[in-house]
Amino acid sequence: MDRATEIEYCRNVFETLFKREPKFLRVIDLQDCEEWKIHTNLRIHIRQFCDMLSDVIKHLNDPQLCLNSIREFGSSYASEPSPEGCSSSPRPHVPSAFWETFIFALNNAAKDMQVETSSRSSEVSYFIV
């Protein structure tokens, strides 16, 4: 998968996630932003997801490396620093429903990409014949 396709896939995942459940925009501090689709925070999360996805694809033959990349990505959402003056341990701030919706968005984006790819293949074969 080329980088442009990968970025488009990752963008589709996050857009599907936040369109389906706008309340999860608070996870990336965009709950009060009407222009969240073009916000820098969203781009950062898309890039982090793309980097993780690339690592997983690169290391498919090593499940432990894949798992480590996925865990690292997830841990960036699983906790946030405690406010000043509180205990130094991180506190959870992402509900489990976020991950369920994220999985739905992953599947949805993959289906969209599959339809788009097969559509392009059909167009190419039509012109070749």
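Conventions used here
Per chain, residues are indexed from 1 in the order of the written sequence. Totals for whole chains, interfaces and linings use every residue, but because this is a predicted model, local features are given only for residues with pLDDT of at least 70 and side-chain atom pairs only at 80 or more, for both listing and counting. Hydrogens are left out, water is left out, and the side-chain values use all remaining heavy atoms of the structure. In DSSP terms, a helix is any run of H or I states spanning at least four residues, a strand is any run of E spanning at least two, and both are numbered starting from the N terminus. For the exposure calls, accessible area comes from a 1.4 Å probe over protein chains only, and a residue counts as buried if that area is under 20% of its type's maximum, exposed if over 50%, partly exposed in between. The contact rule is simple, with two residues in contact once any of their heavy atoms fall within 4.5 Å. Computed with a 1.4 Å probe, the accessible areas rest on the Shrake-Rupley method; for each residue, only the protein chains presented here act as cover. By convention a nonpolar core is built from buried Ala, Val, Leu, Ile, Met, Phe, Trp, Tyr and Cys residues, the set being connected through side-chain atoms within 4.5 Å. The rule is short: rings of Phe, Tyr and Trp, with Trp giving its six-membered ring, pair when the centres are within 6.5 Å, and they are stacked under 30 degrees, edge-to-face over 60, tilted in between. What makes a salt bridge here is a side-chain nitrogen of Lys or Arg within 4 Å of a carboxyl oxygen of Asp or Glu, nothing more. Fitted lines through C-alpha atoms give the axes, limited to the stretch in contact for helices. The angle between two N-to-C directions lies from 0 to 180 degrees. For this classification, under 35 degrees means roughly parallel, over 145 means roughly antiparallel, 65 to 115 means roughly perpendicular, and everything else is oblique. Crossing handedness follows the turn of the near helix against the far one: under a right angle anticlockwise gives a left-handed crossing, and clockwise gives a right-handed one. Gly is put with the polar residues, along with every residue not named as nonpolar or charged; the nonpolar set is Ala, Val, Leu, Ile, Met, Phe, Trp, Tyr, Cys and Pro, and the charged set is Asp, Glu, Lys and Arg.

Per an unreviewed UniProt entry, the protein goes by Globin family profile domain-containing protein and derives from Panagrolaimus davidi.

## Comments concerning the overall build of the protein
Counting its secondary structure elements, the protein contains four helices and two strands. Reading the secondary structure of the protein in the N-to-C direction produces α-α-α-β-β-α. Counting across all 129 residues of the protein, residues that qualify as buried make up 29%. A fraction of 59% describes how many contacts in the protein between residues 6 or more apart in sequence connect residues 24 or more apart. Accessible surface, the protein: about 8,700 Å² in total, of which carbon and sulfur atoms supply 54%.

## Notes on unusual backbone geometry
Positive phi values are uncommon outside glycine, yet Asp29 reaches one of about 60 degrees. In this fold, Asp29 is placed in the loop between α1 (3-20) and α2 (40-58).

## Considering the nonpolar core
The tendency in soluble globular proteins is for nonpolar side chains to be buried as a group. Core analysis: the biggest nonpolar cluster contains 27 residues, and Phe14, Phe18, Phe49 and Phe98 have the highest contact counts within it. When contributions to this core are tallied by element, the ones reaching two or more residues are α1, α2, α3 (63-78) and α4 (96-128). Ranked by the residues each element gives to this core, the list is headed by α2, at seven residues. In contact with Phe18, not counting residues within four places along its chain, are Phe24, Leu25, Ile28, Trp36, Leu42 and Phe98.

## Remarks on the packing of aromatic side chains
Summed over the entire model, instances satisfying the criterion amount to 11 aromatic pairs. Ring plane angle 35 degrees and centroid distance 6.1 Å describe the contact between Phe14 and Phe18, whose orientation is recorded as tilted. Here Phe14 and its partner Phe18 are both found in helix α1, four residues apart, which amounts to about one turn of the helix. Taken individually, Phe14 and Phe18 each receive the classification buried, so the pair is uniform in this respect. Here the aromatic cluster, defined as three or more aromatic residues joined through ring pairs, consists of Phe14, Phe18, Phe24, Trp36, Phe49, Phe73, Phe98, Trp99 and Phe102.

## Overview of the pattern of salt bridges
A complete count under the given rule lists four salt bridges for this structure. Arg11 is the partner of Glu15 in a salt bridge, and the nearest nitrogen-oxygen pair spans 3.8 Å. With Glu15 and Arg11 both in helix α1 and four residues apart, the pair spans about one turn of that helix. Classification of Arg11 by relative accessible area gives partly exposed; the value is 21%.

## Some points on the packing of α1 against α2
Where α1 contacts α2, the two axes come as close as 9 Å, and the packing angle between them is 125 degrees. Viewed along their axes, α1 and α2 adopt a mutual orientation that is oblique. Viewed along their axes, α1 and α2 form a crossing whose handedness is right-handed. For the pair α1 and α2, contact is made by Arg3, Glu6, Ile7, Tyr9, Cys10, Arg11, Val13, Phe14 and Phe18 and by Leu42, Arg43, His45, Ile46, Arg47, Phe49, Cys50, Asp51, Leu53 and Ser54, respectively. Its residues assigned to classes, the contact of α1 with α2 comprises 11 nonpolar, two polar and six charged.

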